[in-house]
Amino acid sequence: MQLHERFRTLRADTGFRLKDLALHCDLSVPYLSDLERGRTQPSLQSLEALARAYNLTVQQLLSGVDGYGAATTADSLPTGLAALIADPVLGADLTPDWVQTLARIELRGKRPRDKESWYEIWRHLRRVMV
């Protein structure tokens, strides 16, 4: 399932109108509409707001979502993320679920490039999702 499809399905399942959801997560109706149509990618803050509106964690919100249309495999991981996983100290606590979640992340349409950036994102997500 693509990310925009997940957003549309969640909203339909809860019975929210775009206006209702906008009020719950403090995002604009046009922005939410663009998310549901796949015209834009959400920021981490938007994902957090949407997850709160649906009483989910960000990890649950992204569960089953593949924004690129194919399953993420180990050999298709971004270089910095692969380096983080290979690091015996920093990557020691990364479970396969975390790797799958991180592999789908883009920030403003771009992916982090180095191990340290991926580690900071993981630390932040772990703090807000646990």
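(A) Geometry of helix α6 (residues 79–86). Along α6, the positions that sit buried rather than exposed are Gly80, Leu81 and Leu84. One side of α6 carries all its buried residues, which in axial view fall inside an arc of 100°. Away from the buried face of α6 by more than 90 degrees, exposed residues Thr79 and Ala86 are located. If you follow the buried residues of α6, they end up packed against α7 (96–103) and α8 (115–129).

(B) Examining the environment of Ala49 more closely. Residue position: Ala49 is located in helix α4 (residues 44–53). With a relative accessible area of 6%, Ala49 lands in the buried category. In this structure the C-alpha to C-alpha distance between Ala49 and Leu27, which are 22 residues apart in sequence, comes to 8.1 Å. Excluding residues within four positions of it along the chain, Ala49 makes contact with Cys25 and Leu27.

(C) Seen up close, the nonpolar core. Judged by nonpolar contacts, the single largest core of 36 residues is most densely connected at Leu21, Cys25, Leu32, Leu50, Leu61, Leu102 and Leu125. When contributions to this core are tallied by element, the ones reaching two or more residues are α1 (3–14), α2 (18–25), α3 (29–37), α4, α5 (58–62), α6, α7 and α8. Setting aside its immediate chain neighbours within four residues, Cys25 contacts Leu32, Ala49, Leu50 and Ala53.

Calculation rules
Residues numbered from 1 in each chain as written. Predicted model: local features only at pLDDT ≥ 70, side-chain atom pairs only at ≥ 80, totals over all residues. Heavy atoms only, no water. Buried < 20%, exposed > 50% of the residue type's maximum accessible area, 1.4 Å probe, protein only. Helix = DSSP H or I, 4+ residues; strand = E, 2+ residues; numbered from the N terminus. Arc of directions from axis to C-beta. Contact = heavy atoms within 4.5 Å. Core = buried A, V, L, I, M, F, W, Y, C linked by side-chain atoms within 4.5 Å.

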